[in-house]
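Tertiary structure, described
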Amino acid sequence: MEEKIKDTEIAIRNLDSVDSFNKYNEHSTINPWISIIDFSKSSPKCREWMRMGFYCIMLKDIHCGDLKYGISQYDYDAGTLLFFAPNQIYKVDKVGSMTVPQGLCLVFDEELIRGTSLQKQIHAYSFFSYEHNEALHVDEEERKNVVEILAKISREINPELDHLNKKLIVTNIELLLDYCSRYYQRQFTSRQPLHQLISDKFTNLVREFLISSKSADYGLPTVNYFADKLHLSANYLGDIIKKETQQTPIEIMHQMMINQAKELLHDFEKNISEISDQLGFTYAPHFTRFFKNKMGLTPNEYRRNLNR
């Protein structure tokens, strides 16, 4: 089944179930909630845009020169891991060209993890919302570990999962995600110069946004706004900033907003309402509450203290 995005008229193939994904890849369905596919056993496919209605983890075996990591080529060539949450659109380059699939793929329906600890925690794995150019690139040892965990999961898949099958599968999926979190931390560290550059650019963009009074036109600054400027997903940017500064992007933005508010409050020709508008607040009372929450006193009280 295909649909089209109205504005762009891009055809998107909808794969709404594990079974439909299996059929697309010429793979038999053992259990409707989970599957592991070896892409090398599928025939060449025409690259296209897809929307998958389930969780998907792809281990792609592609030469490192074929992909870019952010603004730099990545330096781990044993494999690339891509993560997709349900209903995300899988974007690929060279749409329409033929390609021979390579690698492994784990797909599982939300029903598989319903009522488990993983269901409660899976949203904490922020890499499910990363863009494809923010993929995880693994070395040989890391790839071997991923393949071993996938093999353990595969051995537990049967037509009717009993309690222990399901428990072992979900436990191993969680183990896989935890290892991927560790590998992403390694990737963040190995690319620290690049991430420091991104962190600095983020701070400069926020500063420029506040000083140029763009808030008056765009409203309060958001992580999505700056992530878009940096060509990153909001989650990936957030994880970079957290790794580099031990603060979230929102915490940094709020601190810079307070600093800018203090600067503006020194200009006694501006009233509180004007300062509120300049910072992007819809209503002055919202600015007053924000300022008091951060500083422990209202903007007017802060301004009165300047005259003492």
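So, here is what we can say about the structure in this document.

This next bit is on the overall build of the protein chain. The helix and strand inventory of the protein chain stands at 13 helices and eleven strands. Within the span of the protein chain, comprising 308 residues, buried residues form 46% of the whole. Long-range contacts, defined here as pairs at least 24 residues apart, represent 73% of the contacts in the protein chain between residues at least 6 apart. For the protein chain, the exposed surface amounts to about 16400 Å²; the carbon and sulfur share of it is 50%.

Another aspect to go through is the environment of N87. Among the structural elements, N87 can be located in the loop between strand 7 (79-84) and strand 8 (88-90). Using a relative accessible area of 54% as the deciding quantity, one classes N87 as exposed. Separated by 73 residues in the primary sequence, N87 and N14 place their C-alpha atoms 8.8 Å from one another. The residues touching N87, leaving out its near neighbours within four places in the chain, are R51, M52 and G53.

This paragraph deals with the sheet that holds strand 6 (residues 55-60). What the five strands build is an open sheet, ordered 3-10-6-7-11; its pairing is antiparallel. The open sheet terminates on both sides in strands that have one partner only, identified here as strand 3 (34-38) and strand 11 (136-138). Pairwise comparison of adjacent strand axes, ignoring direction, gives a mean angle of 15° for this sheet. Here three bridges tie strand 7 to strand 11, and the two strands are oriented antiparallel to one another. Looking at strand 11, one finds that L81 is bridged to L136.

Rules and cut-offs
Residues numbered from 1 in each chain as written. Predicted model: local features only at pLDDT ≥ 70, side-chain atom pairs only at ≥ 80, totals over all residues. Heavy atoms only, no water. Helix = DSSP H or I, 4+ residues; strand = E, 2+ residues; numbered from the N terminus. Buried < 20%, exposed > 50% of the residue type's maximum accessible area, 1.4 Å probe, protein only. Contact = heavy atoms within 4.5 Å. Areas by Shrake-Rupley, 256 points an atom, 1.4 Å probe, with all protein chains shown as cover. Pairing = 2+ DSSP bridges. Axes fitted to C-alpha atoms, helices over the stretch in contact; angles between N-to-C directions.

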